[in-house]
Amino acid sequence: MRLDRGASRAAADAAHPGFAMRDETAAAGINFVHHRPTFDSKIAGIEPHVAALGASVSVTDFNGDGKPDLYFTNSAFGQANALYRNKGDGTFEEVAASAGLADLNKPGDGVSMGAIWGDIDNDGREDVLVYRYGYLALFRNIDGHHFEDITEKAGLRRWVNSNGAIWIDYDRDGLLDLYVTAYFRSDIDLWHLKTTMIMHNSFEFATNGGKNLLFHNLGGGKFEDVTDKMGVGSTRWTLAAASADFNGDGWPDIYLANDYGPEELYLNDHGKRFVLSTAGLESESKSGMAVALGDAFNSGRLDAFVTNISERGYLFQNNNLRVNEMSTKGRFRNVAEGAIADAGWAWGAQFGDLNNDGANELFVANGFISADRKKSYWYAMSKIAGANGRLFEDAATWPAFGNASLSGYEPSRVYINRGVAGWVDVAKNVGVTDLYDGRAVALADLSNRGAVDVIVANQNQPAIVYRDYPDSANHWIEFKLIGTRSNRSAIGAEVLLEAGILNQRRVVDGGSGFASQNDRRLHFGLGSREWVDRVTIFWPSGIRQVVTRPAIDGIVTITEPER
Amino acid sequence: MSDVTATTASDRNPLARAWQRASKIDPRYLIAFLITLVLVAAQVRYHMLGSYDRLVVALGVCMATEALLSWFDRGRVVNLLSAYISGISLTLLIKPQGGALWPFALGGFLAISSKYVLRYRENHLWNPTNFAIAALLLAAPDRVSVLSHQFGNDLTTNLVIWTFGLIIAARVGVIHITLTYVAGFLLLNGARALAFGQPLLPEIAPITGPMYQLFIFFMITDPRTVVRGRRKQIIVAVLIAVMETLIRFASDKGWPMPTAFNVAPAFFALATVGPVAKWIDLRRKRPTTN
């Protein structure tokens, strides 16, 4: 007899969100503080602006013990990155130095902006790429405890002023390829500037940013630059990228959130080339900061949430919640309105079922620069915002920043999805109250208990770990995927879960949001449903695997079949 | 003979012929052409609208309000060109939170109804669009902004709009107002920058932005709300520039005032100086004798 009592025992609303979040950073032993970089004195006037990025967090299980670990990047010379090993008792141990992943912020090499983890050689251990304002750095995981710098050997020692990267197996050969986004031009050394003409030349349609790069994994730890061959060298000041098979043709596509310009969708043409799609994204130019992928309305498709800037009176660029209609209409449709459209100066965001009711919530980090509360740079910014691009392309002509704030002290938002009633912010109700300058947001079930914990890396400030306490009456299921023909990390694999009327899709991400990467394991809330009818796994190799009636309220490991 | 020669030369010159033809056109049509040009350029090059619903709402509400109120007030529906110009201006200038449409509807209603309600001696005092935007910014800064589109910060687009704008302003006979205000802006804000040790370029940069293009070609030169007489018009343009400089000075100093003043100093300079000047001008107007 079939028993389906609906999405949850009680529909979530602002008064009864169905979960609570607690800041348990200190209790977990995580004391990471991000430090921003300092640059050439020629741009001292706007250094707070230029140096306002670099706090990142990525989730990995670097030692393969089944417990998610955390890696934070720092951005000042001499400040260490941090690798927190999950001890399994709710606490973490910082092991970056012994692992060889701490000392990455050095003159001549640059400063870290973020990291992505993936098993590039399919040896069962996750390797890591650190992207910097400076040289890329690729580290091979030797034994689950120590890492070896293989950047030079891999052919990746390239200077890129990057704020983002993703792993993507674009040609489905079972090896993870690498897409690196570039912000400032790659000929710019921010510590030794030959010119101050380094900024964007339009607030809306700038194309003078760094050139994004695609590297093909040749195997044997070597990579080849195939950017031009594959047609993905956007110069639109990309801040974030994410990948999924948006149009359902079996090939992973690339979605870009660009600052000072419209978003871009590169559709994968059977691994032979990428085609810049006109998917309705070109009609609005905004300041894309992050792109999060999730099934916003349980349609069985992956939608895109792109964060933007809003500031009282000055600017309402509005966040975009783009519903994926690629397979039917060849486009995305923006349905963001009300609370979800305006989060402030929004940065990292992620979809996750925080209350396990079967519908995704959305966590959004906010705030750009928190300094003097009484001084705002917005008025100064408004002076040059309408000027000819050549004027503000020159960093030296910007009004001096001083100790002003720019959209500082903004709270994070936690939106719950009420269906036709729209999204509502419940951050205060559930206990998310910090006013840090949030940047990267990553989700992970840190204690393997069926809850989506949220880790936020804050710029020039301490990181926060919010533990999720969902309604215990709701059920859940998580999937750990192991690729065989596909890359071992299963990055790019999509899971479609069907349980009664619940129909939800998730993707194993190789980097998403802003400067972040979620737990590779996929979490689904089930509400009151006591079983899952069917799970379909779309492996990157093209294999489609169906699993019926998997056990719920636990982590299910699924290995890719050979055919 | 010389007259004949001159006429012939003029006839042969297409620019001169166009100039002569333009002189016979109702100025409102020229202004409507210019603002349509701005809208089309902004949409074609920069997808400024995002969607056309806001244009439909702003135009629809402006024209419907004008039609209704003029019929109630005068017993006939007046020419709707003025409402058309207001509707396009609002579409270009307003950017609401979350893509809401109500600011376009409310702004359109406020703009047109202000012409029928806020009157003195049968004349309205505020430029309708200026009034509506100032009211929206003051009342709902959490919901409405004006600075979201910069037309690509592109010099070419700026030059096209400035060129057409100046030509049409000359033909309509208001170019002295435009040029006086621009000169006043540059001088006063240049002096402000020098006096307070600020870099010059950022202080004078706003004049090149699209908000100012709409301001100097459509708001400050609105034939129905400027004072009578070229000399007085120049004086008022200078006063508006002075008021704007004072607002900017207050913003520089961080003096407490509504955010709206920081966001759109020129709009609030016109919204405060313009009606007072118009009121004084109308007060001095001799009553019409039948």
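The shown structure was predicted, so the numbers you read here are calculated from the model rather than taken from an experiment.

## Here's the deal with the overall build of chain A
Thought 1: In terms of regular secondary structure, chain A is built from 8 helices and 41 strands.
Thought 2: Taken over C-alpha atoms, the radius of gyration comes to 22 Å for chain A, in line with the 24 Å a tight globule of 563 residues would show.
Thought 3: Principal-axis analysis of the C-alpha atoms places the extent of chain A at approximately 70 × 55 × 50 Å.
Thought 4: Scored against the burial criterion, the 563 residues of chain A give a buried share of 64%.
Thought 5: The long-range share in chain A, meaning contacts at least 24 apart out of those at least 6 apart in sequence, stands at 63%.

## What to know about the nonpolar core
Thought 1: By size, the foremost hydrophobic cluster in this structure holds 262 residues, and its most contacted members are Leu129(A), Ala290(A), Val291(A) and Ile240(B).
Thought 2: In terms of residue count, helix 14 (residues 265-283) of chain B provides more of this core than any other element does, 8 residues in total.
Thought 3: With residues near it in sequence (within four places) discarded, Ala290(A) still touches Ala240(A), Ala257(A), Val306(A), Thr307(A), Trp347(A), Gly348(A), Ala349(A), Gly513(A) and Phe514(A).

## Brief notes about the sheet that holds strand 29 (residues 413-417) of chain A
Residues and elements named next belong to chain A.
Thought 1: Pairing is antiparallel in the open sheet, where 4 strands are placed in the order 25-26-29-30. Both edges of this open sheet fall to strand 25 (346-352) and strand 30 (423-425), since each of them pairs with a single strand only. Averaged over all pairs of adjacent strands, the angle between their axes in this sheet comes to 25 degrees, without regard to strand direction.
Thought 2: Both strand 26 (residues 361-366) and strand 29 contribute to a ladder of 3 bridges, which runs antiparallel. When the bridges of strand 29 are listed, Val364 appears paired with Arg413.

## Let's talk about the packing of helix 4 (residues 53-74) of chain B against helix 5 (residues 81-93) of chain B
All names here are of chain B.
Thought 1: Here helix 4 crosses helix 5 at 150 degrees, and the two axes come no closer than 8 Å. Judged on the interaxial angle alone, helix 5 and helix 4 are roughly antiparallel. Crossing hand, helix 4 versus helix 5: right-handed. On the side of helix 4, the interface is formed by Arg54, Leu55, Ala58, Leu59, Cys62, Met63 and Glu66, while helix 5 contributes Ala83, Tyr84, Ser86, Gly87, Leu90 and Thr91.
Thought 2: Broken down by class, the residue content of the contact of helix 4 with helix 5 amounts to 8 nonpolar, 3 polar and 2 charged.

## Re the packing of helix 7 (residues 128-139) of chain B against helix 14 of chain B
All names here are of chain B.
Thought 1: Two numbers describe how helix 7 lies on helix 14: the axes approach to 10 Å, and their chain directions differ by 115 degrees. Our classification of the angle between helix 7 and helix 14 gives roughly perpendicular. The chirality of how helix 7 crosses helix 14 is left-handed. The residues of helix 14 that touch helix 7, namely those facing Asn130, Phe131, Ile133 and Ala134, are Phe267, Phe268, Leu270 and Ala271.
Thought 2: Of the residues assigned to the contact of helix 7 with helix 14, the class counts are 7 nonpolar, 1 polar and no charged.

## Topic: the pairing of strand 33 (residues 464-470) of chain A
Residues and elements named next belong to chain A.
Thought 1: The element strand 33 is extensively covered by neighbouring structure, given that 6 of its 7 residues are classed as buried.
Thought 2: Here strand 1 (residues 19-23) runs beside strand 33; their pairing, made up of 5 bridges, is antiparallel. Residue pairing across strands places Ala20 opposite Tyr469, the latter belonging to strand 33.
Thought 3: Note: strand 32 (residues 453-458) against strand 33, 3 bridges, orientation antiparallel. Pairing of Val454 across the sheet is with Tyr466, part of strand 33.
Thought 4: Between the end of strand 32 and the start of strand 33, which pair antiparallel, lie 5 residues, with Asn460 showing a positive phi angle near 60 degrees.

## Remarks on the confidence of the model for chain B
Residues and elements named next belong to chain B.
Thought 1: Mean pLDDT over chain B stands at 88; residues scoring 70 or higher make up 92%.
Thought 2: Counting contacts from residues 1-6, a segment whose pLDDT is below 50, to residues more than four positions away or on other chains yields 0 contacts.
Thought 3: Model confidence for the complex is summarised by a pTM of 0.93, with the ipTM given as 0.86.

## Quick word on helix 12 (residues 230-253) of chain B
Thought 1: Over its 24 residues, helix 12 of chain B runs 35 Å from end to end, which matches the ideal 34 Å to within 8%, given 1.5 Å per residue.
Thought 2: Residues Gln233(B), Val236(B), Ala237(B), Ile240(B), Ala241(B), Met243(B), Glu244(B), Thr245(B), Ile247(B), Arg248(B) and Ser251(B) constitute the buried set of helix 12 of chain B.
Thought 3: Buried residues along helix 12 of chain B sit against helix 6 (378-385) of chain A together with helix 9 (175-195), helix 13 (259-263) and helix 14 of chain B.
Thought 4: Phi turns positive, to about 70 degrees, at Gly254(B), one or two residues after helix 12 of chain B.

## Some thoughts on unusual backbone geometry
All names here are of chain A.
Thought 1: In this structure, Asn122 takes a positive phi of about 55 degrees despite not being glycine.
Thought 2: Topologically, Asn122 is positioned in the loop between strand 6 (110-118) and strand 7 (127-135).
Thought 3: Assessed through the 17 C-beta atoms surrounding it within 10 Å, Asn122 is described here as partly exposed.
Thought 4: Even without being glycine, Tyr260 reaches a positive phi, approximately 55 degrees.

## Description of the sheet that holds strand 38 (residues 522-527) of chain A
Residues and elements named next belong to chain A.
Thought 1: The 3 strands are arranged 38-34-41 in an open sheet whose pairing can be described as mixed. With one partner strand each, in any of the chains shown, strand 38 and strand 41 (555-559) form the two edges of the open sheet. Each neighbouring strand pair of the sheet contributes to a mean axis angle of 25 degrees, computed without reference to strand direction.

## Here we look at the interface of chain B and chain A
Thought 1: Contact residues are listed per partner, giving 37 residues for chain B and 36 residues for chain A.
Thought 2: Of all the secondary-structure elements, those providing two or more residues to the side of chain B that touches chain A are strand 1 (95-96), helix 8 (155-172), helix 10 (200-204), helix 11 (210-219) and helix 13 of chain B.
Thought 3: At 4 residues, the largest contribution of residues to the side of chain B that touches chain A is made by helix 13 of chain B.
Thought 4: Tallied by class, residues from the side of chain B that touches chain A come to 15 nonpolar, 18 polar and 4 charged.

## A few points about helix 7 of chain B
Residues and elements named next belong to chain B.
Thought 1: Along its 12 residues, helix 7 runs 16 Å from first to last C-alpha, staying within 8% of the 16 Å computed at 1.5 Å per residue.
Thought 2: Where burial is concerned, most of helix 7 is hidden: 9 out of the 12 residues are buried.
Thought 3: Buried residues of helix 7: Pro128, Thr129, Asn130, Phe131, Ala132, Ile133, Ala134, Leu136 and Leu137, and no others.
Thought 4: Here the buried face of helix 7 lies against helix 5, helix 6 (102-117), strand 4 (144-145), helix 11, helix 13 and helix 14.

## Re the environment of Leu136(A)
Residue and element names in this part refer to chain A.
Thought 1: Looking at the element boundaries, Leu136 is found in the loop between strand 7 and strand 8 (137-141).
Thought 2: Residues Leu136 and Gly110, 26 residues apart in the sequence, show an inter-C-alpha distance of 9.0 Å.
Thought 3: The contacts of Leu136, once residues within four sequence positions are left out, are Leu129, Tyr131, Thr151, Leu156, Arg157, Arg158, Val160 and Val180.

## Section: the pairing of strand 3 (residues 69-73) of chain A
Residues and elements named next belong to chain A.
Thought 1: With 5 of 5 residues buried, strand 3 lies mostly within the body of the structure.
Thought 2: Pairing analysis gives 5 bridges linking strand 2 (residues 56-60) to strand 3, with the strands arranged antiparallel. When the sheet's bridge partners are listed, Val57 is paired in strand 3 with Phe72.
Thought 3: Two elements, strand 3 and strand 4 (residues 82-86), share 3 bridges in a ladder whose sense is antiparallel. Bridge pairing links Phe72 to Ala82 in strand 4.

Conventions adopted
- Residues numbered from 1 in each chain as written.
- Chains lettered and ligands numbered in written order.
- Predicted model: local features only at pLDDT ≥ 70, side-chain atom pairs only at ≥ 80, totals over all residues.
- Helix = DSSP H or I, 4+ residues; strand = E, 2+ residues; numbered from the N terminus.
- Rg over C-alpha atoms; globule rule 2.2 N^0.38 Å.
- Buried ≥ 20, exposed ≤ 12 C-beta atoms within 10 Å, placed from the backbone.
- Contact = placed C-beta atoms within 7 Å.
- Core = buried A, V, L, I, M, F, W, Y, C linked by C-beta atoms within 7 Å.
- Pairing = 2+ DSSP bridges.
- Axes fitted to C-alpha atoms, helices over the stretch in contact; angles between N-to-C directions.
- Parallel < 35°, antiparallel > 145°, perpendicular 65-115°, else oblique.
- Left-handed = near helix turned anticlockwise from the far one by under 90°.
- Nonpolar A, V, L, I, M, F, W, Y, C, P; charged D, E, K, R; others polar.
- pLDDT = per-residue confidence, 0-100.
- Expected span 1.5 Å × (residues − 1).

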